[in-house]
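Structural features, examined
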Amino acid sequence: MINKGDIVNFYSTVASFQRDYRTRNPGLVIASKVFPNSAKSSFEKNSAYILWADGSMTREYTTYLRVVK
């Protein structure tokens, strides 16, 4: 589970997705949202707003985020 305040890295096995985040990682979770009653798949339900190290902010599906330990 991704929570507000977590430090995360973007991760994907798709090289073209990963490439855009090389200079952004790590990021701080500003807010996260879970939609438990949604008819959408679990992939689409959970998202988080991330403030990245380069100063950019994006909304990402939590399946692409890994908490930094």
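Scroll up to find the structure.
The model shown is predicted, which means the values in this text are computed figures rather than measured ones.

Cut-offs applied
Residues numbered from 1 in each chain as written. Predicted model: local features only at pLDDT ≥ 70, side-chain atom pairs only at ≥ 80, totals over all residues. Heavy atoms only, no water. Helix = DSSP H or I, 4+ residues; strand = E, 2+ residues; numbered from the N terminus. Contact = heavy atoms within 4.5 Å. Areas by Shrake-Rupley, 256 points an atom, 1.4 Å probe, with all protein chains shown as cover. Core = buried A, V, L, I, M, F, W, Y, C linked by side-chain atoms within 4.5 Å. Buried < 20%, exposed > 50% of the residue type's maximum accessible area, 1.4 Å probe, protein only.

It is worth spelling out the overall build of the protein at this point. Scanning the protein for helices and strands turns up two helices and five strands. In the protein, the order of α-helices and β-strands from amino to carboxyl end is β-α-β-α-β-β-β. Taking the contacts inside the protein whose residues are at least 6 apart along the sequence as the reference set, 41% of them involve residues at least 24 apart. Carbon and sulfur atoms form 53% of the exposed surface of the protein, whose accessible area is close to 4,700 Å².

Below, the discussion takes up the nonpolar core. Among the nonpolar cores identified, the biggest contains ten residues, and these are Ile2, Val8, Phe10, Tyr21, Val29, Ala48, Ile50, Trp52, Tyr64 and Leu65. Broken down by secondary-structure element, the contributors of at least two residues to this core are β1 (7-10) and β3 (47-52). No other element matches β3, which puts three residues into this core.

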